[in-house]
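This is what each chain is made of:
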Amino acid sequence: MSHRRKPSIRFAALAACLVAAVPGVARADRHCSFARESAFYARDFSADAMKAQGAACRAKMKNALQRLRESMELLDICSCDPAQDPLRRWLDSHPTIDNRVDRDCPGSAAAVNAISREVLKQVEKCF
């Protein structure tokens, strides 16, 4: 007669917690991936804007800023503090970035490009 040990209550509780946590982890990873993608596009749009003039620069910057804000929303969902904190500080310290684009588009594009690169670097810490 074989004597098999029954799983302990602690083991069962741990297993239940892991199973319950998996959907949240998958959801967080997906949102962090989308945040990274948005930051990637913000970086690319802003790099293109730095080379453009006039209306072309402003159009690319509009896309870059939209992607940067989308990245912030997604970072809020996935709770990626290493990327979320510097981006939030940047957005808070640049509340009129949309207005400055009209006056100094290449300079604004450089600022957006720099924060996008920082977000891309920091979001990797959340995977």
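About the cut-offs
- Residues numbered from 1 in each chain as written.
- Predicted model: local features only at pLDDT ≥ 70, side-chain atom pairs only at ≥ 80, totals over all residues.
- Heavy atoms only, no water.
- Disulfide = S-S within 2.5 Å.
- Helix = DSSP H or I, 4+ residues; strand = E, 2+ residues; numbered from the N terminus.
- Buried < 20%, exposed > 50% of the residue type's maximum accessible area, 1.4 Å probe, protein only.

1. Section: the state of the cysteines
- In the structure shown here, the tally under the stated rule is three disulfides.
- Residue pairing for cysteine 32: its cysteine sulfur links by disulfide to cysteine 78, the two sulfurs lying 2.2 Å apart. Between cysteine 32 and cysteine 78, the S-S torsion sits near 100 degrees, and that sign places the bridge as right-handed. Taken together, the residues span a long stretch of sequence, with cysteine 32 in helix H1 (residues 9-51) and cysteine 78 in helix H2 (residues 54-78) at a distance of 46 residues. For the pair cysteine 32 and cysteine 78, one class covers both residues: buried.
- Between the sulfur atoms of cysteine 57 and its disulfide partner cysteine 105 the distance amounts to 1.9 Å. A torsion of -100 degrees about the S-S bond marks the disulfide between cysteine 57 and cysteine 105 as left-handed.

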